[in-house]
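Residue strings, one per chain:
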Amino acid sequence: MAAPSDARVTGAIVLSAAGAALGGLLFGFDTAVISGTTSALQARFGLSDGMLGFTVASALIGTVLGSLVAGAPADRFGRRAVMLAVAICYVVSSLGTGLAGSWGTLLAFRFLGGLAIGAASVVTPIYIAEVSPARFRGRLVALNQLNIVMGILIAFLSNYLIANLAAAETAWRWMFGIVTLPSALFLGVSLLLPESPRWLAIHGRAPQALGVMKRLGFLDPTDELRHIQEAEARLDRSIAPGLFQAAYARPVACAIAIAMFNQLSGINALLYYAPRVFELAGAGSDSALLQSIAIGGTNLVFTILALFLIDRFGRKPLLYTGSILCAVALLLVGYQLESSDPDGTLILVGLLGFIAAFAVSQGAVIWVFISEVFPSAVRGKGQALGSTTHWVMAAAITWAFPVFAAQVGGWVFAFFGAMMLLQFIWTWKAMPETNGVALEDMDLGSAQA
C-alpha cells in the first residue's frame, strides 16, 4: 500500500528535484559541447580519426569509472555528499579543458568531467526518486532528463554563438570554458539541498529523516517513516544486500538491457558528431552547427512532452512507440546517406524524427526505470550497474563511430535502426511495468510484466 504522501507533490519537493537535476543539465552540456570542437581539436593537436574518436570518448571512459564507483559512496555517505563532489569535479574539468595546452592535458580534464557525468547519472535519479511520491515519481525523475536535453541544446547554441563571435583559433577553448558557469551554479545549489529522507531513515537517522519529510511537505511523515523502516527490515531479514544473486536477477538483466539499447540507438554518436553528420550530408560548417541546434531544440520539446506522458501511460507504451519510430527514422537516414544523390532535407527530417521519438520514449524512460526497478537494499548498486552499462556502450560506440562511418557510411544508421527493432521485442517480452509502484514495494512481483 502506498504511503499517504503519494497524494500530492509539494513545491519543496519540486524545488529539491529541480535543484538536483542541475547535475543533469551539466551532464547534457558537457556531453554535447565537444561536438562543436572536433574539427578544431583535430587541427590543433594533429589527430587522426582514431585519435579524435578517443578524444571524444575520453570523457566517456571517465563516465564508466564514475558510474561504477558512485553507488557505494552514495549509499555510505549520502546522496548529497556525492552531488557536492560531482559539482566540484565539473568546475575543475571545465576550467582545465578550456585552458589545456596539450592533448594529454585535454584528455585528463575530459576524463575528470566524465567522472562527474558518470557519478551524476547514478546519484541524481536516485535522489529525485527518493524525495518523490510514487504518483509523481516518473515526471520528477524525468526532470533530470529534461535538464540533460536542455544542457545539450544550450551546448549547441553556445557552440554556434562562440563559433561566430570568437577567433577561430580560440573558439574551442571558450566552448569548453563556458561550462564553468552552470557548474558553479550547481555547486551552490547542492549546498542547499536536503539529504534524501529515505537514505537517512535506512541509516538509522530517523529524527533527521522525519525533519526532512516535514520540510518537503510529506502529508504524513510519521507513517511514511514507518513504511520505509518496515520495508527495510523486511529486506534485511530475507535477502543479503549483494546485487548479483538470484533474487535480483531480473532487475539486473532489465537494467543492463535498457542501458545497452539506449546507446545502440546511436544517440550519443549523433549528439557528439552532429555537425559532422550534417557535413557528410553536404551541409557547410556554419549550416551544420545551425542544424545541430535544431536537433537540440527537437530533443527539448519532445522531452517536455514525455513529462506529461510517462506517468499517465507508463514506461512500456512509450518504449513500444519510440522503438518503431526510431527504427523507421534511422533506416531513412541510412538509406539517404547511401544513395547516389542524398537528399539533405530528408536526412534532416529523419534525424529530427529520430531525436523526437528517442526523447519521448527511451530518453525519458531509461533513468526513471533504472531508479525504480531495484529494491531499496540495492538501489545504489543497481543504479550504478545500469549507468556503467550505459557509459561502457556510449564510450565504445562514440570511439568507433568516426572509423565505422568512414568505412561503411550510412549503413551505420541502418544498424542502429535494427537495434531499435530488437528493443521493441525486448520491451514486449521481458520488461516489467514499474509505473505507480512505491519504492518500498519495488520487487518485481509488484511490477507488471
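In this report, the structure presented in the accompanying data block is examined. (Residues numbered from 1 in each chain as written. Predicted model: local features only at pLDDT ≥ 70, side-chain atom pairs only at ≥ 80, totals over all residues. Heavy atoms only, no water.)

Some words on the overall build of the protein chain
Argument step 1. When helices and strands are counted, the protein chain shows 20 helices and 0 strands.
Argument step 2. The buried share of the protein chain, reckoned over its 449 residues, is 60%.
Argument step 3. Carbon together with sulfur atoms contributes 69% to the accessible area of the protein chain, which is approximately 16100 Å² in total. (Helix = DSSP H or I, 4+ residues; strand = E, 2+ residues; numbered from the N terminus. Buried < 20%, exposed > 50% of the residue type's maximum accessible area, 1.4 Å probe, protein only. Areas by Shrake-Rupley, 256 points an atom, 1.4 Å probe, with all protein chains shown as cover.)

A closer look at the environment of A327
Argument step 1. Mapped onto the elements of the fold, A327 is located in helix α16 (residues 315-338).
Argument step 2. As a C-alpha pair, A327 and A414 span 87 residues in sequence and 8.2 Å in three-dimensional space.
Argument step 3. Apart from residues no more than four positions distant in its own chain, A327 is found in contact with G417, M420 and L421. (Contact = heavy atoms within 4.5 Å.)

Considerations on the nonpolar core
Argument step 1. Of all hydrophobic cores here, the largest spans 131 residues; its most connected members are Y90, F354 and F413.
Argument step 2. A total of 12 residues in this core trace back to one element, the largest contributor, which is helix α7 (residues 137-165). (Core = buried A, V, L, I, M, F, W, Y, C linked by side-chain atoms within 4.5 Å.)

Notes on the packing of helix α13 (residues 249-264) against helix α20 (residues 411-429)
Argument step 1. Running from amino to carboxyl end, α13 crosses α20 at an angle of 155 degrees, the nearest separation of the two axes being 9 Å. Taken together, the axes of α13 and α20 lie roughly antiparallel to each other. Regarding α13 and α20, the two cross each other, and that crossing is left-handed. Across from C254, A257, I258, F261, N262 and L264 in α13, the residues of α20 making contact are F415, F416, M419, M420, L422, Q423 and W426.
Argument step 2. Class assignment of the residues belonging to the contact of α13 with α20 gives a composition of 11 nonpolar, 2 polar and no charged. (Axes fitted to C-alpha atoms, helices over the stretch in contact; angles between N-to-C directions. Parallel < 35°, antiparallel > 145°, perpendicular 65-115°, else oblique. Left-handed = near helix turned anticlockwise from the far one by under 90°. Nonpolar A, V, L, I, M, F, W, Y, C, P; charged D, E, K, R; others polar.)

Overview of the pattern of salt bridges
Charged atoms that come close allow side chains of opposite charge to pair.
Argument step 1. Under the criterion given, the structure shown has 4 salt bridges.
Argument step 2. We note a salt bridge from R315 to E372, for which the minimum N-O separation is 2.4 Å. One end of the pair, R315, is in helix α16; the other, E372, is in helix α18 (residues 362-373), and 57 residues separate them in sequence.
Argument step 3. The exposure class of R315 is buried, given its relative accessible area of 0%.
Argument step 4. Overlapping salt bridges, with partners in common, bring together D75, R79 and E130 in one network. (Salt bridge = Lys/Arg side-chain N within 4 Å of Asp/Glu carboxyl O.)

Considering the side chain of R79
Argument step 1. Position of R79 among the secondary structure elements: in helix α5 (residues 79-99).
Argument step 2. A residue is classified by how much of its surface remains accessible, and R79, at 2% relative accessible area, is buried.
Argument step 3. At 2.9 Å, the side chain of R79 forms a polar contact with the backbone oxygen of A74.
Argument step 4. When near neighbours in sequence (up to four residues on either side) are disregarded, R79 contacts A74, V123, I126, Y127, E130, E195, S196 and W199. (Polar contact = N/O pair within 3.5 Å; in protein donor to acceptor, adjacent residues only side chain to side chain.)

Concerning the side chain of S16
Argument step 1. As for its position among the elements, S16 is in helix α1 (residues 11-20).
Argument step 2. Dropping the residues within four chain positions of it, S16 is found in contact with Y127, L193, P194 and L216.

Considerations on the packing of aromatic side chains
Argument step 1. Enumeration over the complete set of coordinates arrives at 9 aromatic pairs.
Argument step 2. Plain terms: the ring middles of F415 and F416 are 5.9 Å apart, the flat faces sit at 55 degrees to each other, and that makes the pair tilted.
Argument step 3. F416 gets classed as buried once you look at its relative accessible area, which sits at 3%.
Argument step 4. Three or more aromatic residues joined by ring pairs make a cluster, and in this case those are F401, F413, F415 and F416. (Phe/Tyr/Trp six-rings, centres within 6.5 Å; stacked < 30°, edge-to-face > 60°.)

Details of the environment of Q362
Argument step 1. With respect to the helices, strands and loops of the structure, Q362 is situated in helix α18.
Argument step 2. Judged by its relative accessible area of 1%, Q362 is buried.
Argument step 3. Between the C-alpha atom of Q362 and that of T321, which follows or precedes it by 41 residues, the distance is 9.9 Å.
Argument step 4. Here Q423 takes part through its side chain, which lies 3.0 Å from a polar atom of the side chain of Q362.

What about the packing of α13 against helix α19 (residues 379-408)?
Argument step 1. α19 packs onto α13 with a crossing angle of 25 degrees between their chain directions and a minimal axis gap of 8 Å. In this view, α13 runs roughly parallel relative to α19, as classed from their interaxial angle. In this structure, the crossing between α13 and α19 has a hand that is right-handed. The residues of α19 that touch α13, namely those facing V252, A255, I256, A259, M260, N262, Q263 and L264, are L385, G386, T389, H390, M393, A394 and I397.
Argument step 2. Of the residues that constitute the contact of α13 with α19, the class distribution is 10 nonpolar, 5 polar and no charged.

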